[in-house]
Amino acid sequence: MSQITIRCRLIASIETRKKLWKLMAEINTPLINELLKLVHQHPGFETWRHKGKVPTATVKQLCEPLKSDSRFVGQPARFYTSAVATVSYAYKSWLKIHASFTVATGR
């Protein structure tokens, strides 16, 4: 899976760096945290846990109503896509580690 890393060159103006920081730290990170919580609270989570994968389409569906939430509104489309990809990847990794732990410990 490829991921896009946001990089702010030092030649960018202070205003640009402040705006990008605000987008990343004050809007996008809380969106990712909210999506992580919503995925865990989803009725299908136990099924996904046993399968070892959370469907990306479901994470996208959970993100859609958040796009109009005042806490997360106004981000570029790439930021919403990045949040969905980050949450999908985080759960994929966690579920794989959890499955390995379960097999190793017999729990």
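Residues numbered from 1 in each chain as written. Predicted model: local features only at pLDDT ≥ 70, side-chain atom pairs only at ≥ 80, totals over all residues. Heavy atoms only, no water.

*Asks:* I keep staring at the packing of helix H1 (residues 14–41) against helix H3 (residues 56–63) and nothing clicks. Help me out?
*Replies:* Geometrically, a packed helix pair is captured by the angle between its two axes and the distance between the axes. As a packed pair, H1 and H3 sit with axes 10 Å apart at the nearest point and diverge in direction by 120°. On the basis of their axis angle, the class for H1 and H3 is oblique. As H1 runs across H3, the sense of the crossing is right-handed. In this structure, H1 uses Leu35, Leu38 and Val39 to contact H3, whose residues at the interface are Val59, Leu62 and Cys63. Tallied by class, residues from the contact of H1 with H3 come to six nonpolar, no polar and no charged. (Axes fitted to C-alpha atoms, helices over the stretch in contact; angles between N-to-C directions. Helix = DSSP H or I, 4+ residues; strand = E, 2+ residues; numbered from the N terminus. Parallel < 35°, antiparallel > 145°, perpendicular 65-115°, else oblique. Left-handed = near helix turned anticlockwise from the far one by under 90°. Contact = heavy atoms within 4.5 Å. Nonpolar A, V, L, I, M, F, W, Y, C, P; charged D, E, K, R; others polar.)

*Asks:* Where do I start with the confidence of the model for the protein in this structure?
*Replies:* The predicted coordinates should not be examined in detail at positions where pLDDT is low. Averaged over every residue, the pLDDT of the protein is 88; residues scoring 70 or more account for 84%. Looking at the elements of the protein, mean pLDDT is at its lowest for helix H4 (residues 77–105), recorded as 86, and at its highest for H3, recorded as 98. (pLDDT = per-residue confidence, 0-100.)

*Asks:* What should I look at first to understand the packing of aromatic side chains in this one?
*Replies:* The relation between two aromatic rings is expressed through the spacing of the ring centres and the mutual angle of the planes. On inspection of all chains with the given rule, the structure shows two aromatic pairs. Between phenylalanine 45 and tyrosine 91, the aromatic rings sit 5.7 Å apart at their centres with planes inclined by 70°, giving edge-to-face as the arrangement. On the criterion of sequence distance, the pair formed by phenylalanine 45 in helix H2 (residues 45–51) and tyrosine 91 in helix H4 is long-range, its members being 46 residues apart. Both residues of the pair, phenylalanine 45 and tyrosine 91, belong to the buried class. Every member of this aromatic cluster is reached through a ring pair, and the members are Phe45, Tyr91 and Trp94. One Lys or Arg, lysine 67, reaches over the ring of tyrosine 80 and ends 5.4 Å from the middle of that ring. (Phe/Tyr/Trp six-rings, centres within 6.5 Å; stacked < 30°, edge-to-face > 60°. Buried < 20%, exposed > 50% of the residue type's maximum accessible area, 1.4 Å probe, protein only. Lys NZ or Arg CZ within 6 Å of the ring centre and 35° of its normal.)

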